[in-house]
Amino acid sequence: MPFWEYELQAETLCLGERVKGGLFRPCDTRAIRYSAVTGALRQHFGVVDLHAAGYFVTEGGYNQIGYLTYAPHDDAVGLSKLPLTIQFVANVLARVIVKTAGALPEAFELSMGAMKSQGFGRCRFRRTGDADMRIVRGRLLTRLPVHRQDEFAVKRVVSPIYGYLFEPTSFVSGEYVLSLFEGSQVYGPKCLVEEEDV
């Protein structure tokens, strides 16, 4: 299956998970994790055999961190609940690598992440060409489930940083799976690895 590189732009994006009962919802500010972008693309195109992951670029002026505090209103009792603070990324510019057997459009829009009802997460994708799949050693720029690293040609893990990502098992349920987080030292594709001198 071919690998495509897309540029992702959005006004605001919130890729975070709220801890149940927590009053602060942090956001991914460096990586576009596998679970978020793969799920959004599969739902948008209705394609199951699709894998994607990416990262926020570090160019100046993009990907500024912001915070929104709001209190959801409970219509049943007529009161506002405790206020929540949400971290988000504004003026988003990211790179997304997509692996799929079928052709995707050169450009498209979709909604991704949390707080979509508040106007967050309207993303514009534009294909920039084939992904650079040359194998290099360096720092992983995204988050991938360990059992999916072969999908992205990650050949060897030298020094892992582990965490967990949610992976859906159906439309209504899922499980957390062991994953490689950004910063892991790996041999992998140049499109997802920041090459470092050894």
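Before any of the text, the structure's been laid out above.
Here the residue numbering is sequential within each chain, running from 1 through the sequence in written order. Predicted model: local features are reported for residues with pLDDT of at least 70 only, side-chain atom pairs are reported and counted for 80 or more only, and whole-chain, interface and lining totals are derived from all residues. Excluding hydrogens and water, the side-chain values take into account all heavy atoms of the structure.

Some details on the overall build of the chain
Here a helix means four or more residues in a row that DSSP labels H or I, a strand means two or more in a row labelled E, and each is numbered from the N terminus. Regarding its fold elements, the chain presents one helix and 17 strands. Taken over 198 residues, the chain has a buried fraction of 46%. Contacts in the chain between residues at least 24 apart in sequence constitute 69% of all its contacts with a sequence separation of at least 6. Only carbon and sulfur atoms are counted for the fraction: they give 51% of the accessible area of the chain, which is about 10,400 Å². Relative accessibility decides the category of a residue: with a 1.4 Å probe and only protein chains considered, values under 20% of the type maximum give buried, values over 50% give exposed, and everything between is partly exposed. The criterion used for residue contact is that any of the two residues' heavy atoms lie within 4.5 Å. Surface exposure here means Shrake-Rupley accessible area, sampled with a 1.4 Å probe, where a residue is shielded only by the protein chains that are shown.

Observations regarding the sheet that holds strand β11 (residues 135–140)
One bridge is not enough; two strands pair if DSSP finds at least two bridges between them. The strand order β13-β16-β11-β17 describes an open sheet built from four strands, whose pairing is antiparallel. Each edge of the open sheet carries a strand with a single partner, namely β13 (156–159) and β17 (193–195). Strand-to-strand twist in this sheet, taken as the mean axis angle between neighbours without regard to direction, amounts to 50°. Here an axis means a line fitted to C-alpha atoms, over the contact stretch when the element is a helix, while the angle between two N-to-C directions is reported on a 0 to 180 degree scale.

Points about a nonpolar patch on the surface
On the surface, a nonpolar cluster with roughly 550 Å² of combined accessible area is contributed by Tyr162, Tyr164, Phe166, Tyr176 and Leu178. Counting residues per element, the nonpolar patch draws most heavily on strand β14 (residues 162–168), which supplies three residues. Inspection of the secondary structure puts Phe166 in strand β14. A relative accessible area of 31% means that Phe166 is categorised as partly exposed. Each patch groups residues whose relative accessible area exceeds 30% and which form no salt bridge, using 9 Å between like charges and 5 Å between nonpolar side chains of Val, Leu, Ile, Met, Phe, Trp and Tyr. A side-chain nitrogen of Lys or Arg and a carboxyl oxygen of Asp or Glu constitute a salt bridge if their distance falls within 4 Å.

What to know about the environment of Leu68
Within the secondary structure, Leu68 sits in strand β5 (residues 64–70). What makes Leu68 partly exposed here is its relative accessible area of 27%. Here Leu68 is in contact with Leu84, Thr85, Ile86, Phe88, Met115 and Phe120, once residues within four sequence places are set aside.

Examining the pairing of β14
Side chains Gly163, Leu165 and Glu167 of β14 all project onto a buried face; the interleaved residues Tyr162, Tyr164, Phe166 and Pro168 project onto a face where none is buried. Two elements, β14 and strand β15 (residues 174–180), share seven bridges in a ladder whose sense is antiparallel. Paired with Gly163 across the bridge in β15 is Ser179.

Thoughts on the sheet that holds β14
An order of β12-β15-β14 is seen for the three strands of this open sheet, with the pairing classed as antiparallel. A single partner strand is all that each edge strand has here, and the edge strands are β12 (144–145) and β14. Judged from the two bridges that link them, β12 and β15 form a sheet pairing that is antiparallel. If you follow Pro145 over to β15, its bridge partner there is Ser179.

A look at helix α1 (residues 34–45)
If you check α1, its first and last C-alpha atoms are 16 Å apart, about what twelve residues at 1.5 Å a residue would give, namely 16 Å. Directly beyond the C-terminal end of α1, a positive phi value near 70° is found at Gly46. A helix's residues, less one, multiplied by 1.5 Å, set its expected span.

A look at the side chain of Gln87
For Gln87, the location among the structural elements is in strand β8 (residues 84–100). As used in this structure description, the phrase polar contact means that two N or O atoms lie within 3.5 Å; if the pair is within protein, one of them must be able to donate a hydrogen and the other to accept it, and residues adjacent in sequence are counted only when both atoms belong to side chains. Reaching out from Gln87, the side chain makes a polar contact with the side chain of Tyr67 at a distance of 3.2 Å. In contact with Gln87, other than residues within four places in its own chain, are Cys14, Phe24, Arg25, Pro26, Cys27, Thr29, Ile65, Gly66 and Tyr67.

Some points on unusual backbone geometry
If a residue is not glycine, its phi is most likely negative; likewise, a peptide bond is most likely trans. In this structure, Asn63 is a non-glycine residue whose phi angle is positive, near 55°. Mapping Asn63 onto the fold places it in the loop between β4 (50–56) and β5. Phi at Ala153 takes a positive value of approximately 60°, unusual for a residue other than glycine. Checked against the element boundaries, Ala153 lands in the loop between β12 and β13. What makes Ala153 buried here is its relative accessible area of 17%.

Structural notes on the nonpolar core
Only buried Ala, Val, Leu, Ile, Met, Phe, Trp, Tyr and Cys residues count toward a nonpolar core, and they belong to the same one when joined by side-chain atoms within 4.5 Å. Counting 26 residues, the largest nonpolar core has Met112 and Phe125 as its most contacted members. Within the residue set of this core, elements represented by two or more residues are β1 (3–13), α1, β4, β8, β9 (107–111) and β10 (122–130). With residues up to four places along the chain from it excluded, the contact list for Met112 reads Leu8, Leu13, Leu15, Ala36, Val37, Ala40, Gly121 and Cys123. The next biggest cluster of nonpolar side chains, apart from the first, holds 17 residues, and it includes Ala53, Ile97, Val136 and Cys191.

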